[in-house]
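# Examining the three-dimensional arrangement
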Amino acid sequence: MIAKQLSVFLENKSGRLTEVTEVLAKEGINLSALCIAENADFGILRAIVSDPDRAYKALKENHFAVNVTNVVGITCPNIPGSLAQVLTYLSEQGVFIEYMYSFACNNVAHVILRPDDLDNCIRVLTEHKVDLLAASDLYKL
């Protein structure tokens with residue numbers, strides 16, 4: 001239920017994202033989910049990959065600034081209001097979401113959450129029977 005997410009610092013210049021994906025491809029590592037937050041000077045690529053430990057090592061060896069962050073993966077129905085309900089459970093219990101990203105596949109939405117308190121987040125989600133994704137399942141999406 002707790003998964004490792006890579007966060008890669010990227011200068012805002014043409015080709016940097018390509019370089020990251022080439023390093024991962026060379027190592028046979030698949031990107032399961034990603035998002036990029038950016039400002040005028042740099043971006044941060046956040047990614048769920050098939051083998052986070054190997055990906056971390058490969059990116060470090062290729063001189064990327066990368067770190068590992070623990071996140072929680074959930075699934076919910078891909079219908080209006082289902083994510084709102086999950087977020088209501090969390091906010092009512094004081095769980096702050098630092099950031100999140102998601103993707104949908106047919107009738108299911110996969111959501112990656114970075115809460116301020118992982119243990120409390122998992123407790124709340126478990127109590128409300130939210131479908132938590134095992135890290136091994138998340139890495140294979």
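These remarks concern the structure in this document. Only a predicted model underlies this, so the values are computations on that prediction, with no experimental measurement involved. (Residues numbered from 1 in each chain as written. Predicted model: local features only at pLDDT ≥ 70, side-chain atom pairs only at ≥ 80, totals over all residues. Heavy atoms only, no water.)

Another point: the nonpolar core. Residues Val72, Ile74, Leu90, Leu113 and Leu125 are the most contacted members of the largest nonpolar core, which totals 18 residues. Counting residues per element, the ones that place at least two in this core are strand S4 (65-77), helix H3 (82-92), strand S6 (108-115) and helix H4 (118-127). In terms of residues, this core owes the most to one element, H4, which gives five residues. Here leucine 90 is in contact with Val95, Ile97, Leu113, Cys121, Val124 and Leu125, once residues within four sequence places are set aside. One finds Leu6, Val20, Val23 and Val66 within the second-largest nonpolar core, a separate group that totals 15 residues. (Core = buried A, V, L, I, M, F, W, Y, C linked by side-chain atoms within 4.5 Å. Buried < 20%, exposed > 50% of the residue type's maximum accessible area, 1.4 Å probe, protein only. Helix = DSSP H or I, 4+ residues; strand = E, 2+ residues; numbered from the N terminus. Contact = heavy atoms within 4.5 Å.)

It is worth spelling out a nonpolar patch on the surface at this point. On the surface, Leu17, Leu34 and Ile36 cluster together into a nonpolar patch covering about 240 Å² of accessible area. For leucine 17, the location among the structural elements is in helix H1 (residues 16-26). (Patch = residues over 30% accessible without salt bridge, like charges linked within 9 Å, V, L, I, M, F, W, Y side chains within 5 Å. Areas by Shrake-Rupley, 256 points an atom, 1.4 Å probe, with all protein chains shown as cover. Salt bridge = Lys/Arg side-chain N within 4 Å of Asp/Glu carboxyl O.)

Attention now moves to helix H2 (residues 52-61). Along H2, the positions that sit buried rather than exposed are Pro52, Ala55, Ala58 and Leu59. Down the axis of H2, the smallest arc covering the buried residues is 125°, so these residues share one side. Tucked inside the fold, the buried residues of H2 contact strand S1 (2-11), H1, strand S3 (42-49), S4 and helix H5 (135-140). (Arc of directions from axis to C-beta.)

Among the residues of H4, those classed as buried are Leu118, Asn120, Cys121, Ile122, Val124 and Leu125. On its buried side, H4 packs onto S1, S4, H3, S6 and strand S7 (131-133). For H4, the N-terminal cap is aspartate 117; the gap from its side-chain oxygen to the backbone nitrogen of aspartate 119 is 3.2 Å. Of the residues flanking the end of H4, it is lysine 129, one or two places downstream, whose phi is positive at about 60°. (Polar contact = N/O pair within 3.5 Å; in protein donor to acceptor, adjacent residues only side chain to side chain.)

Right, let's talk about unusual backbone geometry for a bit. Positive phi, close to 70°, is recorded for histidine 63, a residue that is not glycine. Among the secondary structure elements, histidine 63 is positioned in the loop between H2 and S4. One non-glycine residue, asparagine 106, lies in positive phi territory at about 55°. Among the secondary structure elements, asparagine 106 is positioned in the loop between strand S5 (97-105) and S6. The exposure class assigned to asparagine 106 is exposed, which follows from its relative accessible area of 65%.

Bringing the pairing of S4 into the picture now. Relative to S4, S1 runs antiparallel, the two being bridged by eight bridges. For alanine 3, the partnering residue across the bridge sits in S4 and is valine 71. Inspection of the sheet shows S4 paired to S6 by six bridges, in the antiparallel sense. Its bridge partner being in S6, cysteine 76 is matched across the sheet by alanine 109. Pairing between S4 and S7: three bridges, direction antiparallel. (Pairing = 2+ DSSP bridges.)

This brings us to the environment of leucine 83. In this fold, leucine 83 is placed in helix H3. Judged by its relative accessible area of 23%, leucine 83 falls in the partly exposed class. Here the alpha-carbon distance between leucine 83 and phenylalanine 9, two residues 74 residues apart in the chain, equals 29 Å. The residues touching leucine 83, leaving out its near neighbours within four places in the chain, are Cys76, Met100 and Val111.

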